[in-house]
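Listed below, chain by chain, are the residues.
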Amino acid sequence: MTTRLADIRSKVESGERLSFDDGITLETEADLFFLGDLANLVRERRHGRRAYYNINEHLNPTNVCVYRCTFCAFRADLKSPRGYVMTDEEIVARAAEADRLGATEIHVVGGLHHQLPFEWYLNVVRIIHEAYPRLHLKAYTAVEWDWFQRLTGRPTKDLLAEFKAAGLGSLPGGGAEIFHPEVRDIICEHKADTEAWFRIHREAHELGLRSNATMLYGHIEKPEHRIDHLLQLRGLQDQTGGFQTFIPLAFHPENTKLSHLPKAGGVMDLKMVSIARLMLDNFAHIKAYWVMLGVKTAQLALSFGADDIDGTVVHEKIYHDAGSDSPQQLAVEDLKRLIAEAGRDPVERDTLYREVWRDGLTWEVERTTTAV
Ligand code: V47
Ligand code: SF4
């Protein structure tokens, strides 16, 4: 082990924060076993043997999008035969299905449609919340909130407050991609910039809405861009404490403008999970999103820094349009078995990481525990 890696090990063991340079050393000098061992130490210090999953569904109300992010296989042009916009009936039917399957959460994210007014997006939240008020609505990324501001001319904080009153529960972590302009200006130059992404998450946190954060890796970015990305997130978390979980997202090239790039391998995937766990010392959770990683790598990630594998999902489109060969959904029993096989204790959580107590489809959140 080099002196620099030995220094990093002693810093982590004594709970000292890692620097940008430490991050670069982890990226360039550490092997997978060093990273996994150290990240697992941090993970077990925080969560012991516990590993979280939830029962959720995804809803992508439209795939029509004004933007053309180079990494995206999900979007469709306004007049494309692939393009769709779900009707109110289809949206409520999806929520009914989620409720019937015992879900505690619906994850809503989609394209920015050329013609739909802002009220249409508000209506999605309103009709689901009115029909199924117990379903937590984790809805719309910062890119979508930025779009709503462009549509209405209203400040995003007002919009967030209006949606919260209509039933919005929290914000998903998408749209972060890579914050550094050397990359962002190439892969998604038109949509919400880094300043807007952070402003919107800060505003959400100020309104009492928790949010998640992501990073899209494995395309044209370099180690310094990834470490910069993680440190920018750590910086806002120091100020607000409003982020719940970080989700590293591996780029899936199929059907995208970057289809010539190879897909990240399993070693890269596990390294990203570990490095995130080590750099994000103020994030409670690191999520190994099984749809993106594949079931087997997600299971391994539970020993490389991750403490959460997301949920049952159902109807995922973003990754499957981009060539993911993971299944469309996992049954609760599959999630529990994967976690147990990894030597962890499965814990069902709600979106806010409160433990869920369940008797079949009847569930309640333990009131005496606070979210970790
Ligand atoms: O922002 C799009 C990514 C994100 C591709 O908050 C792609 O719990 C890889 O953010 N290859 C949306 N990635 C999904 C997202 C998410 C997923 C799961 C859980 C949570 C959460 C959030 O998906 C986009 C973009 O970074 N993405 N296309 C692609 N071809
Ligand atoms: Fe549109 Fe989102 Fe795809 Fe970009 S990633 S093209 S904003 S749907």
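See the structure above.
Remember, predicted model here, so these are calculated numbers, not experimental data.

Colleague: In this structure, what is going on with the sheet that holds strand E7 (residues 243–250)? I would like to understand it.
Modeller: For sheets, the rule is that strands pair by backbone hydrogen bonds, running either parallel or antiparallel. Pairing in this open sheet of seven strands is parallel, and the strands run E2-E3-E4-E5-E6-E7-E8 from one edge to the other. Each of the sheet's edge strands pairs with one partner strand only, and the pair in question is strand E2 (56–59) and strand E8 (285–286). When E2 meets strand E3 (residues 105–108), the two strands line up parallel, connected through four bridges. Each residue of the ladder has a partner; that of asparagine 56, found in E3, is glutamate 105. Taken strand by strand, helix H4 (residues 88–100) contacts E2 and E3, and its axis lies near 165° from that of E2.

Colleague: Got a minute to help me understand the packing of aromatic side chains in this structure?
Modeller: Aromatic rings considered in pairs are described by the distance between their centres and by the relative angle of their planes. In this structure the tally under the stated criterion is 19 aromatic pairs. Ring geometry for tyrosine 67 versus tryptophan 147: centroids 6.0 Å apart, planes at 75°, classification edge-to-face. In this pair, tyrosine 67 sits in the loop between E2 and H4 while tryptophan 147 sits in helix H6 (residues 142–152), placing the two residues 80 residues apart along the sequence. For tyrosine 67, a relative accessible area of 8% corresponds to the buried category. Relative accessible area serves as the criterion here: at 13%, tryptophan 147 is assigned to the buried category. Cluster of aromatic residues (ring-pair linked, three or more members): Phe118, Trp120, Tyr121, Tyr140, Trp145, Phe148 and Phe163. Above the plane of the ring of tryptophan 363 lies arginine 134, whose end atom (NZ or CZ) is 3.8 Å from the centre. Sitting over the ring of tyrosine 353, arginine 349 keeps its end group 4.3 Å from the ring centre.

Colleague: How should I be thinking about the pattern of salt bridges in this particular structure?
Modeller: Close approach of charged atoms allows side chains with opposite charge to pair. Inspection of the entire model under this criterion finds 27 salt bridges. Across the pair aspartate 238 and arginine 17 runs a salt bridge, and its minimum N-O distance is 2.8 Å. Here arginine 17 lies in the loop between helix H1 (3–13) and helix H2 (20–29) and aspartate 238 lies in helix H10 (residues 223–240), a separation of 221 residues in the sequence. On the basis of relative accessible area, aspartate 238 is assigned to the partly exposed category, the value being 48%. The class for arginine 17 is partly exposed, based on a relative accessible area of 34%. Here lysine 287 and aspartate 310 are joined by a salt bridge, their closest N and O atoms 2.6 Å apart. Remark: aspartate 310 occurs in strand E9 (residues 308–311) and lysine 287 occurs in the loop between E8 and helix H12 (290–293); sequence separation between them is 23 residues. Each of the two residues, lysine 287 as well as aspartate 310, counts as buried.

Colleague: What is the right way to look at the environment of histidine 114 in this model?
Modeller: Tracing the backbone shows histidine 114 in the loop between E3 and helix H5 (118–131). Take histidine 114: its relative accessible area is 36%, and that puts it in the partly exposed class. C-alpha of histidine 114 to C-alpha of leucine 78: the two residues are 36 residues apart in sequence and 6.9 Å apart in space. Once you skip the residues sitting within four places of it in the chain, histidine 114 turns out to touch Val64, Cys65, Val66 and Leu78.

What counts and how
Residues numbered from 1 in each chain as written. Chains lettered and ligands numbered in written order. Predicted model: local features only at pLDDT ≥ 70, side-chain atom pairs only at ≥ 80, totals over all residues. Heavy atoms only, no water. Pairing = 2+ DSSP bridges. Helix = DSSP H or I, 4+ residues; strand = E, 2+ residues; numbered from the N terminus. Contact = heavy atoms within 4.5 Å. Axes fitted to C-alpha atoms, helices over the stretch in contact; angles between N-to-C directions. Phe/Tyr/Trp six-rings, centres within 6.5 Å; stacked < 30°, edge-to-face > 60°. Buried < 20%, exposed > 50% of the residue type's maximum accessible area, 1.4 Å probe, protein only. Lys NZ or Arg CZ within 6 Å of the ring centre and 35° of its normal. Salt bridge = Lys/Arg side-chain N within 4 Å of Asp/Glu carboxyl O.

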